[in-house]
Amino acid sequence: METLQFEFEGAADPDPAAGCPALAGVVASGNLEVLLESRDLGGRCRFDVRTAADGFGAVWQAVLADFMQRHRLRNVLGTINDYAASPAVVSLRLDQAAESFAGPES
Amino acid sequence: MNPVLRRSYSEATARQRVAALMDPGSFRELVPPADKCTSPHLDAFRVPVSLDDGVVIGDARAAGRPIGLFAQEGRFLGGAIGEIHSAKIVGLIRRAIRVKAAAVVGLLDSGGVRLQEANAGEIGVSEILRAVFDARAAGIPVIGLVGGASGVFGGAGILSGCCDVLIVSDHGRVGVSGPEVIETTQGVEAFDSRDRALVWRTTGGKHRYLLGVAGMLVDDDLDAFRRALAETLEQPPRPPVDGVERGWQELERRWNDWGACRDAVEIWRAMGIREPERIPDLDVAAVRAARPRRGERP
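Described below are features of the structure shown in this document. Worth saying up front: this structure is predicted, and the values here are computed from it rather than measured.

1. Structural notes on the overall build of chain B
Helices and strands together make up the secondary structure of chain B, namely eleven helices and seven strands. Scaling as 2.2 N^0.38, a compact globule of 298 residues should have a C-alpha radius of gyration of about 19 Å, and chain B matches this with 19 Å. Once the C-alpha set of chain B is aligned to its principal axes, its extents read approximately 55 × 45 × 45 Å. Taken across its 298 residues, chain B has 45% of its residues classed as buried. Considering only residue pairs separated by 6 or more positions, chain B has 72% of its internal contacts joining residues 24 or more positions apart.

Below is the structure:
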């Protein structure tokens, strides 16, 4: 069990967000839950990660950096509870959460 | 129904079940994930927490009626009941009593008490049972739905037995001691937990329906559960005042009639069901047709 925190520069021109918290996934073996919320972080984005698999900090950094490239987010807090999901599953849940965070219009 | 067109209830998450069973747009979640009301105990065991502690609760409408709803997530620690999880369910039921909801509906999917939370979990289960009886005493029916991969066992099995009505699918399982527990305490010759067919004959939804433990048997389909719930809400059960006494008599009759049976198939034969060995292979409609009506017992 490991608790990690990652911060990224937010996008200067963020996508419009619905503003309601968005949840994706379930904390089950090989799976994870991702919650995205609006939070005033001075323009930055932060991810609080609790994971059952120790020693994968560098992989989390890479997967979250990729995610930040795919979506234009700003002032977003991500909370992640992970039960040893693979990087592909993590990316999928992040994208699902981002999709519902953006709201039905976009 | 064409199996291809079904949307599986057992494969859906708790939140997908809520979305499919409630009237569109009517669900208002209480203590949502963003509140981060997570288990204070799991960290000590190095077990990940979940933001809703494995249960979704809130107000909703089903078939146009206002209800209190809780839905257990069977994938998170087997839907096991911990301190926060139970407190959410208890609060939801008490609230349903206060606002005079038309019913309390529980989408049950749980192996019972969360062992890591020990006494807090045990007390939590007993508080849920107390709240269920308070609701029933206030005239609010409590309806349980069972069709998830974790079934209902242990304290959750007892909870299912305290509901006014139980709606199960053939993918649902209902019991108190799970198969492995029975094998460990009674020996493999009494119950072989690796014999999947035996486990399903004994704990599966079909058998629970034929015994009368479950009032309705439906396909593993979100729409079938939604229709069965609507039907139940339209004609809510009125438990008789002598219900407990009748329940005891029914248990005694079961024991007298079937206590010597070694297998569910023998019970089905004793019920007068023709070709009882075919029950595990029959579809839900055929099993419903095979259940003897009350008073038709041979």
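2. Structural notes on the sheet that holds strand β1 (residues 2–8) of chain A
Residues and elements named next belong to chain A. As summarised here, the arrangement of the five strands in space is β1-β4-β5-β3-β2, forming an open sheet in which the pairing is mixed. The open sheet is flanked by β1 and β2 (22–24), the only strands paired with a single partner. Averaged over neighbouring strand pairs, the angle between their axes works out to 15° when direction is ignored. Where β1 and strand β4 (residues 45–51) come together, seven bridges link them in antiparallel fashion. Bridge pairing in β4 links Phe-8 to Cys-45.

3. Some details on the sheet that holds strand β4 (residues 103–108) of chain B
Residues and elements named next belong to chain B. Spatially, β1-β2-β3-β4-β5-β6-β7 is the arrangement adopted by the seven strands of the open sheet, whose pairing is mixed. Since the sheet does not close on itself, it has two edges, and those belong to β1 (28–30) and β7 (216–218), each with one partner. Adjacent strand axes in the sheet meet at a mean angle of 20° when their direction is disregarded. With five bridges joining them, β4 and strand β5 (residues 142–146) adopt parallel strand pairing. By the bridge assignment for β5, Leu-107 is matched with Leu-145.

4. Notes on the interface of chain A and chain B
The interface is formed by 15 residues belonging to chain A together with twelve residues belonging to chain B. Residue assignment for the side of chain A that touches chain B shows that the elements contributing at least two residues are β3 (32–38) and β5 (76–82) of chain A. Classifying every residue of the side of chain A that touches chain B gives nine nonpolar, two polar and four charged.

5. Overview of the environment of Asp-15 of chain A
Looking at the element boundaries, Asp-15 of chain A is found in the loop between β1 and β2. Here Asp-15 of chain A falls in the partly exposed class, since 14 other C-beta atoms lie within 10 Å of it.

6. Description of helix α8 (residues 222–234) of chain B
Between its first and last C-alpha atoms α8 of chain B spans 18 Å; for 13 residues at 1.5 Å apiece the expected length is 18 Å, and the two agree. Residues of α8 of chain B that are buried: Leu-222, Ala-224, Phe-225, Arg-226, Ala-228, Leu-229, Thr-232 and Leu-233 of chain B.

7. Describing the nonpolar core
Considering soluble globular proteins, one finds that nonpolar side chains tend to be buried as a cluster. Among the nonpolar cores identified, the biggest contains 98 residues, and Ala-97 of chain A together with Leu-69, Ile-93, Val-104, Ile-167, Phe-225 and Leu-229 of chain B are the most heavily contacted of them. Among the elements that line this core, the one with the most residues is α8 of chain B, at six residues. Contact partners of Phe-225 of chain B, with chain neighbours within four places excluded, come to Tyr-9, Leu-21, Leu-145, Gly-147, Ile-167 and Val-218 of chain B.

8. Here's the deal with the packing of helix α3 (residues 118–137) of chain B against helix α4 (residues 154–161) of chain B
Residues and elements named next belong to chain B. For the pair α3 and α4, the least separation of the axes is 10 Å and the interaxial angle reads 5°. The angle between the axes of α3 and α4 places the two elements in the roughly parallel class. Residue-level inspection shows Val-125, Ile-128, Leu-129 and Val-132 of α3 in contact with α4, the latter providing Gly-155, Ile-158 and Leu-159. Across the contact of α3 with α4, the residue classes tally to six nonpolar, one polar and no charged.

9. As for unusual backbone geometry
With a phi close to 65°, Ala-84 of chain A is a non-glycine residue in the positive phi region. On the basis of neighbour count, Ala-84 of chain A is assigned to the partly exposed category, with 15 C-beta atoms found within 10 Å. At Lys-36 of chain B, a residue that is not glycine, the phi angle is positive and equals roughly 50°. If you trace the backbone, Lys-36 of chain B turns up in the loop between β1 and β2 (55–62).

10. Description of the pairing of strand β6 (residues 165–169) of chain B
Residue and element names in this part refer to chain B. Counting buried positions along β6 gives five out of five residues, so the element sits mostly inside the fold. Burial along β6 is two-sided: Val-165, Ile-167 and Ser-169 facing one way and Leu-166 and Val-168 facing the other are all buried. Bridge analysis of β5 against β6 gives four bridges, and the strand direction is parallel. Along β6, the bridge assignment pairs Ile-143 with Val-165. Crossover connection from β5 via α4 to parallel β6: handedness right-handed. Across three bridges, the pairing between β6 and β7 is parallel. Note that in β7 the partner of Ile-167 across the bridge is Met-216.

About the criteria used
- All residue numbers refer to position in the chain's written sequence, counted from 1.
- For naming, the first written chain is A and the first written ligand is 1, with later ones following in the order written.
- With the structure being a predicted model, the display of local features is reserved for residues of pLDDT at least 70 and the display and counting of side-chain atom pairs for 80 or more, all residues being used for whole-chain, interface and lining totals.
- Strands here are runs of E lasting at least two residues and helices are runs of H or I lasting at least four, both read from the DSSP assignment and numbered beginning at the N terminus.
- Only C-alpha atoms enter the radius of gyration; for comparison, a globular chain is expected to reach 2.2 Å times N to the power 0.38, where N is the number of residues.
- Whether a residue is buried, exposed or partly exposed is read from the other C-beta atoms within 10 Å of its own C-beta, which are placed from the backbone; 20 or more gives buried, 12 or fewer gives exposed, and intermediate counts give partly exposed.
- Residue pairs are scored as contacts if the distance between their C-beta atoms, which are placed from the backbone, is within 7 Å.
- Between any two strands, pairing holds if DSSP finds at least two bridges.
- Lines fitted to C-alpha atoms define the axes here, with helix axes fitted over just the stretch in contact, and angles between the N-to-C directions of these axes take values from 0 to 180 degrees.
- Throughout this entry, Asp, Glu, Lys and Arg are counted as charged residues, while Ala, Val, Leu, Ile, Met, Phe, Trp, Tyr, Cys and Pro are counted as nonpolar. The remaining residues, Gly among them, count as polar.
- Any helix carries an expected span of 1.5 Å times its number of residues minus one.
- The nonpolar core criterion groups buried Ala, Val, Leu, Ile, Met, Phe, Trp, Tyr and Cys residues into a set whenever they are joined through C-beta atoms within 7 Å.
- Working definition: roughly parallel below 35 degrees, roughly antiparallel above 145 degrees, roughly perpendicular at 65 to 115 degrees, and oblique for all remaining angles.
- For a crossover, the right-handed case is the one in which the path from the first strand over the helix to the second runs clockwise, viewed with the strands pointing away from the viewer.

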